[in-house]
Amino acid sequence: CTITMQAIYDGDAWVAIAFSNDGLMIGSEAVIGIPGTIPAKYNLDSKSNSGVQRMPEEQQTLTDASVSVEDGQTVMEFTKIMKEPNEIEIITVDNNFLWSHGSSQALGYHAARGSFVQNLSLDGTSTNVDDLAVGDEVCITSYIVDNFCIERGTFLDNDSLKTLENPEEHSFHCLLDVDLCKDSGYQVIGDKNPDT
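These numbers were taken from a predicted model, which means no experiment stands behind them. Numbers given for residues are sequential positions, taken from 1 along each chain in its written order. Only residues with pLDDT of at least 70 are given local features in this predicted model, and only at 80 or more are side-chain atom pairs given and counted; all residues enter the totals for whole chains, interfaces and linings. Note that water and hydrogens are dropped before the side-chain values are worked out from all heavy atoms of the structure.

Draft legend 1. Inspection of the layout of surface pockets at higher detail. Lining residues are those with an atom within 4 Å of a point, where the points come from a 1 Å grid over the protein atoms alone and group into cavities, where a 1.4 Å probe fits but cannot get out, or pockets, open sets with protein on both sides within 12 Å along at least five of seven lines. Grid points are joined across faces, edges and corners, and a volume is the space filled by probe spheres set on the points. A volume near 530 Å³ is recorded for the second largest pocket. Taken together, 25 residues form the lining of the second largest pocket, with Met 25, Leu 98, Ser 100, His 110 and Arg 113 sitting closest to its centre. Amino acids outside the nonpolar list (Ala, Val, Leu, Ile, Met, Phe, Trp, Tyr, Cys, Pro) and the charged list (Asp, Glu, Lys, Arg) are all regarded as polar, and Gly is one of them. Looking at side-chain class alone, the lining of the second largest pocket contains 15 nonpolar, eight polar and two charged residues.

Draft legend 2. Expanded view of a negative patch on the surface. A residue counts toward a patch only above 30% relative accessible area and without a salt bridge, and it is joined to like-charged neighbours within 9 Å or, for Val, Leu, Ile, Met, Phe, Trp and Tyr, to nonpolar neighbours within 5 Å. Method for areas: the Shrake-Rupley scheme with a 1.4 Å probe, in which residue coverage is limited to the protein chains shown. We count a salt bridge whenever a side-chain nitrogen from Lys or Arg sits within 4 Å of a carboxyl oxygen from Asp or Glu. Positive: Lys, Arg. Negative: Asp, Glu. His and the chain ends are not part of the count. Working definition for charges: the position is that of NZ of Lys, CZ of Arg, CG of Asp or CD of Glu. Negative charge collects at one region of the surface, where Asp 64, Glu 70, Asp 71 and Glu 77 lie side by side. Comment: elements are numbered from the N terminus, with helices defined as DSSP H or I runs of at least four residues and strands as E runs of at least two. Along the chain, the position of Asp 64 falls in strand S6 (residues 63-70).

Draft legend 3. Local environment of the side chain of His 101. Structurally, His 101 can be placed in strand S8 (residues 94-101). Take His 101: its relative accessible area is 7%, and that puts it in the buried class. Note on definitions: a residue-residue contact is assigned when non-hydrogen atoms from the two residues lie within 4.5 Å. Each residue touching His 101, except ones within four places of it in the same chain, is listed here: Tyr 9, Trp 14, Val 15, His 110, Ala 111, Ala 112 and Leu 176. Note on exposure labels: buried denotes an accessible area under 20% of the residue type's maximum, exposed denotes more than 50%, and partly exposed covers the range between, all computed with a 1.4 Å probe on protein chains only.

Draft legend 4. The packing of aromatic side chains, seen in detail. Two rings from Phe, Tyr or Trp (for Trp, the six-membered ring) form a pair when their centres sit within 6.5 Å of each other. Planes less than 30 degrees apart are called stacked, planes more than 60 degrees apart edge-to-face, and all others tilted. The final tally for this structure, using the stated rule, is two aromatic pairs. For a lysine, the NZ atom is tested; for an arginine, the CZ atom; a charge sits over a ring if that atom is within 6 Å of the ring centre and within 35 degrees of the ring normal. One residue, Lys 80, lies across the ring of Phe 19, its end atom 5.5 Å from the ring centre.

Draft legend 5. Quick look at the side chain of Thr 79. With respect to the element layout, Thr 79 can be found in strand S7 (residues 73-81). Owing to a relative accessible area of 11%, Thr 79 belongs among the buried residues under this scheme. Here a polar contact is taken to be a pair of N or O atoms separated by no more than 3.5 Å, where protein atoms must pair a possible hydrogen donor with a possible acceptor and residues adjacent in sequence count only if both atoms sit in side chains. Only 2.9 Å separates the side chain of Thr 79 from the side chain of Thr 4, close enough to count as a polar contact. Discounting residues that sit within four places of it in the chain, Thr 79 has contacts with Thr 2, Ile 3, Thr 4, Leu 62, Thr 63 and Asp 64.

Function cannot be inferred from these measures alone, as they are strictly geometric.
Here's what the structure looks like:
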């Protein structure tokens, strides 16, 4: 089974999505995209630059991997095998994901970072990964919205828009800069129901 992921940053810098057993950086594994290169898998062994180590070539199994800057946004996309030998498994229930981006294309200390838990089952219940077969497609496309804006009913930085009716309008400002929003936690919003 594979998972296809996309990270979009409003700016021109490296971006990363990481997979973690405990929601912390050290001991996690990341896909890092530096514009002008092909995204690659890294071990995150410490918080220093020397602890961010590219995995050996035999572990570079990403497909459809790209990173580019388009209209002022850095866009990274990749498809990853969910269960690989000696790597953190991505499961169909709760997963700890991390995200970060730099302040430039030079890989270094992150300008912003965060974590979230994502359940990859379609209805929020457990699905045994052994029930999935090679070739089965698992795809979830969603929006990440902070709990503060959800509970408020409108976006903090645009109170004319209802949060759950316009998740695609949620700004990175809330996700990255506002403590009330960051500290409230996040929800992954599913497809809109046109009847509500």
